[in-house]
Amino acid sequence: MKVIVTKNQQEAGVEGYQVFKEAVEKGAKVFGLATGSTPITTYEEIIKSDLDFSDCTSINLDEYVGISPDNDQSYQYFMNEHLFSKKPFKQSYLPNGLAEDPEAETVRYNQIIADNPIDLQLLGIGRNAHIGFNEPGTSFELETHVADLTDSTIEANSRFFEHVEDVPKQAYSMGIGSIMKSKQIIIEAFGAEKADAVAKMIEGPVTEDVPASILQQHPNVVVLLDEAAAAKLSK
Ligand SMILES: O=P(O)(O)OC[C@H]1O[C@](O)(CO)[C@@H](O)[C@@H]1O
């Protein structure tokens, strides 16, 4: 794992953008994308740049179950706001939160990933070291599935909702089996509340109790941190 530590999330946005730029220069065409507060500065730098994704495909990690794409809490809405409206892709995929048959939706999404192997996957990390919505205890082999969110994730995500009861309890998530097939991965983490998860991801044992720890076994990972998130690393 290549670890980059910047002073703050703003500076990290520039580094994150650089990773995208280099991938584009090397011919990457399929980008796995993430939502949440973490990737926002990377998206801001991408928007400011002349990077062109009009010939590229994006595949997002996750979407809440039961939420319509035009709901302002949906991940589809987030992606439109923070990236797609300013940097359109030829084709952008997210799970359909309103799919009538969740099992069929996971099959559909796995086929999309199989048809479009991911060149660069962007990840955030949860306070409990989840990636996507692969919560602690999730099998490393799993592909797209419906995940039950942990209380810790529901609580963390409640900052975006009016009431904690409004936070969906389930989400479609790309599985770790699929994430690990990406050619390159960039995982970003900012703020002191991520420091424990970051230390376990990089320096702890590889265990399904710490979903992000599997990234130690991927051959091409960039870890982008601010000083606060890096504070519990031993070196
Ligand atoms: O960037 P945030 O808002 O801290 O969220 C961290 C992670 O949590 C998720 O949004 C899922 O809860 C991930 O997709 C994201 O990477």
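It should be emphasised that the depicted structure is a prediction, and the values quoted were computed from it without experimental measurement.

> So what about the UniProt feature "domain: Glucosamine/galactosamine-6-phosphate isomerase" (unreviewed entry) in the chain? Which residues, and what values?
Following the UniProt record, one finds the feature "domain: Glucosamine/galactosamine-6-phosphate isomerase" (unreviewed entry) at residues 21-219. The span residues 21-219 shows a helical share of 29% and a strand share of 16%, and its end C-alpha atoms are spaced 20 Å apart.

> Give a detailed account of the sheet that holds strand S4 (residues 62-64), specifying residues and quantitative values.
One open sheet accounts for 3 strands, arranged S4-S8-S7; its pairing is antiparallel. In this open sheet, the two strands that pair with only one neighbour each are S4 and strand S7 (145-148). Within this sheet the neighbouring strands show an average axis-to-axis angle of 30°, counted without direction. Relative to strand S8 (residues 170-173), S4 is paired through 3 bridges, and the arrangement is antiparallel. Across the sheet, Asp62 pairs through a bridge with Ser173, a residue of S8.

> Explain the pairing of S8 residue by residue, including any values.
A regular strand places its side chains on the two faces of the sheet in alternate fashion. Where S7 and S8 come together, 4 bridges link them in antiparallel fashion. From the neighbouring strand, Asp148 faces S8, where its bridge partner is Gln170.

What counts, and where the lines are drawn
Residues numbered from 1 in each chain as written. Predicted model: local features only at pLDDT ≥ 70, side-chain atom pairs only at ≥ 80, totals over all residues. UniProt positions renumbered as here; feature names shortened; annotations may be inferred. Helix = DSSP H or I, 4+ residues; strand = E, 2+ residues; numbered from the N terminus. Pairing = 2+ DSSP bridges. Axes fitted to C-alpha atoms, helices over the stretch in contact; angles between N-to-C directions.

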